[in-house]
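Chain by chain, the residues run as shown.
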Number of protein chains: 2
Amino acid sequence: MTKGRVTVIDIAKAAGVSKSTVSLVLQGSSLVNDATRAKVNSVMRDLGYVYNRGAANLRQSGSNSKIIGVVVNDLTNSFFAELAVGVDMVVQSAGFVQFLSNTSENLDRQREVIASMREHGISGLILSPARGTEASDLKPLVASGIPVVVAVRNVPGAKVSSIASDNRQGVFAAVQHLVSLGHSRIAFLGGFRDTAVFHERLEGYRAAARSCLLGHDEDLVVDSAPSRAGGAEAIGRALSIGSKPTAAVCFNDAVAFGACDGLRAKGIEPGKEFAVVGFDDVIEAKTAVPALTTISVDPQGMGRRAAQLLLKQISAGKAEAETIVSSVRLVVRESCGTGNGSTLGRKQA
Amino acid sequence: MTKGRVTVIDIAKAAGVSKSTVSLVLQGSSLVNDATRAKVNSVMRDLGYVYNRGAANLRQSGSNSKIIGVVVNDLTNSFFAELAVGVDMVVQSAGFVQFLSNTSENLDRQREVIASMREHGISGLILSPARGTEASDLKPLVASGIPVVVAVRNVPGAKVSSIASDNRQGVFAAVQHLVSLGHSRIAFLGGFRDTAVFHERLEGYRAAARSCLLGHDEDLVVDSAPSRAGGAEAIGRALSIGSKPTAAVCFNDAVAFGACDGLRAKGIEPGKEFAVVGFDDVIEAKTAVPALTTISVDPQGMGRRAAQLLLKQISAGKAEAETIVSSVRLVVRESCGTGNGSTLGRKQA
DNA sequence: CTGTTAGCGCTTTCAC
DNA sequence: GTGAAAGCGCTAACAG
């Protein structure tokens, strides 16, 4: 039965050296005699010493607590679980530990959780924000100089680093895929024209059209609400034009589902007679439509990249916000394509 | 731009009181004048004070760090992700935060992670152990008086609390379910007779047989290796007896899969001509066979219970190890049954 | 290379 | 009710 905690002073006494020597050993300093170090280490083992990071951290008076906060909006969704796993991998191998919390899309919860992490002195935060998160929610954190990287979703006005999927590349690849399946009239369906994301994706569509086809018809670009209903409406309009499309890439999966609805209503079987690809945003619906090819990001890879970015910022002291883009892959469901998904875009680091 | 961290002393100065008064306010002590408290609180808000739990914890010299370690063997598996979510719920609402790490079934990783958590002064640990975890791995932790609860899997010799699924109740319910489907000759397949789990499950089978049928034939109990191959073998033996069974409840899902294999080999369609139910242990395979009804535990519920148990032990100072049992439910796949799963056994608290 | 001396930010007696 | 002082376990200057 050990009497209370064993401290550096205990082991100093037992090893016949002073506190600071022990401290040096703990930090792997080269200023200490090998024999002494060995002695100290063995005493530590014998007495069952455990390092008190809290105390060390307090003294160092900076937040190098070696703890990284990770806050996700829905851990129940395997996308975010995988994201957390990716983060954990790099965080662990950098000698940090991960504080992980789930907000369940609850802003109050998110605030609490972030506050709590701050009290514990996290060195940095990776946040997959709850819906409705605003820049002001992150204000105090960034003001205090704690590096933050926002993943998956954007927080509009926030001056923080973020990582999002490669919209342009994803749609580009989708179009290529459809072309390789023999389509030449491919529609771009859904999304509001006044959003940045819409333009990034549309840009991917146009670029692919330029590079794969002879050109494309702007009539094939049909905007709509980025919802299932919007998709149904959009496919209707797309099919009413002169030379009908035989395939569509959709702004997101909700639109894609809607497009499928619309096709079925017209007696067209999606996936067989008309190819549909959707960007995989509304991830809750991920497994719903097997006939659908989706453009998906690799969550673990995204987690790893987010963590790397954060660690970089932590070690760099203070770097300015940076937005990076995560690779994206086409996931082909059913036996209607090649393998299980080919990785595109930049390589994972 | 704030100059360094703002501390109690800053806010004491600004509020015109002393450090200790501030401290009392922080702890919500009733020994402080309401006016003073209000003043102090407002100053804290103005200066953007953040409580330093590390320092507090250091002074209190006990591990009431308000942090709970959670270590799971595979966060990629949604079962464990849900478990973590369940834990997080109660942990958060008790004002604790969760350190979550993933071991990927790697014992070294697990050791590292637990060590790291210890250094950070966790108040307790919930562990879903990696395969091969031994009592000795937990020895130092429990010796240091940190409450540990082991979930999902057992660690043989360890004197720690644990939470596992309700074997008896689960099999009982499975048999009831089969009876309600009209079966009267139901086999119990697979598992080694020399394990405690086997007997718990078999006991559920016998009890159900007693209560639902007139009695049962011990010939219908066929042990085997708890594996897919074992299941195939067991079903063969079960079908060779005088009055053949028309359904089986299996020791686990691996056995159940094997039984399905065996049935198909004999030209019998599992799920249609012969009902198979399996205890959902080999959770990796969860989604593999849609024809199968499984006995599953509710992972979130299990997480919540684990957390409750841990918190109880933490507040109780030191209680002896306790094993509790988590409710279990039947998950009926396909459209071959009623709803999506009915909850059985004890209610979740 | 090793020992001494101050604190990090907080809580906690114990006086006032 | 509120203030002064001591100290949790550790690290960071400096001396030796």
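All residue numbers refer to position in the chain's written sequence, counted from 1. Throughout, the order in which chains and ligands are written sets their labels, letters from A for the former and numbers from 1 for the latter. Totals for whole chains, interfaces and linings use every residue, but because this is a predicted model, local features are given only for residues with pLDDT of at least 70 and side-chain atom pairs only at 80 or more, for both listing and counting. The side-chain figures draw on all heavy atoms in the structure; neither hydrogens nor water molecules are used.

**Some points on the interface of chain B and chain A**
Taken together, the contact between chain B and chain A spans 35 residues of the former and 34 residues of the latter. Defined here as a combined quantity, buried area equals the accessible surface (1.4 Å probe) lost by two parts on assembly, summed across both. Between chain B and chain A the total buried area reaches about 3,000 Å² when both faces are included, carbon and sulfur atoms providing 52% of it. For this document, the term salt bridge refers to a Lys or Arg side-chain nitrogen within 4 Å of an Asp or Glu carboxyl oxygen. Counting across the chain B and chain A interface gives two salt bridges. Linking A:Arg53 and B:Glu119 is a salt bridge whose minimum nitrogen-to-oxygen distance equals 2.6 Å. Two residues form a contact once any of their heavy atoms are found within 4.5 Å.

**A look at the pairing of strand 12 (residues 328-332) of chain A**
Residues and elements named next belong to chain A. Remark: exposure states derive from per-residue accessible area (1.4 Å probe, protein chains only) relative to the maximum for the residue type, with buried under 20%, exposed over 50%, and partly exposed in between. Runs of H or I in DSSP of at least four residues are treated as helices and runs of E of at least two as strands, each being numbered from the N terminus. Taking burial as the measure, the five residues of strand 12 include four buried ones, the bulk of the element. At least two DSSP bridges between two strands are needed for those strands to be called paired. Pairing of strand 10 (residues 293-297) with strand 12 involves five bridges; the strand directions are antiparallel. From the neighbouring strand, Val297 faces strand 12, where its bridge partner is Val328.

**Comments concerning the domain arrangement of chain A**
Domain delimitation in this document rests on an assignment produced automatically or drawn from a domain database. Taken domain by domain, chain A comprises domain 1 (8-49), domain 2 (65-165 + 299-326) and domain 3 (167-298 + 331-348). Taking the mean C-alpha position of each, domain 1 of chain A and domain 2 of chain A sit 37 Å from one another.

**Some points on the protein's contact with DNA strand D**
Inspection of the region around DNA strand D gives 26 residues, with A:Val8, A:Tyr49, A:Tyr51, A:Arg59 and B:Arg59 positioned closest. Within 4 Å of the protein, the contacting atoms of DNA strand D are drawn from sugar and phosphate to the extent of 64%. Take A:Tyr51: an N or O atom from its side chain is 2.6 Å from a phosphate oxygen of DNA strand D. As used in this structure description, the phrase polar contact means that two N or O atoms lie within 3.5 Å; if the pair is within protein, one of them must be able to donate a hydrogen and the other to accept it, and residues adjacent in sequence are counted only when both atoms belong to side chains. Within the side chain of B:Ser20, an N or O atom sits 3.1 Å from a base nitrogen of DNA strand D. Listed by contribution, the elements that provide at least two residues to the surface near DNA strand D are helix 2 (19-26) and helix 4 (53-60) of chain A together with helix 2 (19-26) and helix 4 (53-60) of chain B. It suffices for a single heavy atom of a residue to lie within 4 Å of a molecule or strand for the residue to be listed as near it.

**Observations concerning the protein's contact with DNA strand C**
With respect to spatial proximity, 26 residues lie near DNA strand C, and among them A:Ser18, A:Arg59, B:Val8, B:Tyr49 and B:Arg59 are the closest. Near the protein, within 4 Å, the atoms of DNA strand C are sugar or phosphate in 60% of cases. Between DNA strand C and A:Ser20 there is a distance of 3.0 Å, counted from a base oxygen to a side-chain nitrogen or oxygen. Contact distances for DNA strand C include 3.2 Å between a phosphate oxygen and a backbone N or O atom of A:Asn33. The set of elements that each furnish at least two residues to the surface near DNA strand C consists of helix 2 and helix 4 of chain A together with helix 2 and helix 4 of chain B.

**Details of helix 1 (residues 8-15) of chain A**
Residues and elements named next belong to chain A. When we look at burial in helix 1, the residues that qualify are Ile11, Ala12 and Ala15. Buried residues of helix 1, viewed axially, fall in a sector of 105°; they line one side. Its buried side turned inward, helix 1 meets helix 2 and helix 3 (34-47). Just past helix 1, the residue Gly16 takes up positive phi, approximately 70°. When we speak of the arc, we mean the arc of directions from the helix axis to the C-beta atoms.

**Regarding the UniProt feature "domain: HTH lacI-type" (unreviewed entry) in chain A**
UniProt positions are given in the numbering used here, feature names are shortened, and annotations may be inferred rather than shown by experiment. Taking the UniProt record as the reference, the feature "domain: HTH lacI-type" (unreviewed entry) is found at residues 6-60 of chain A. A helix fraction of 69% and a strand fraction of 0% characterise residues 6-60 of chain A, whose end C-alpha atoms lie 21 Å from each other.

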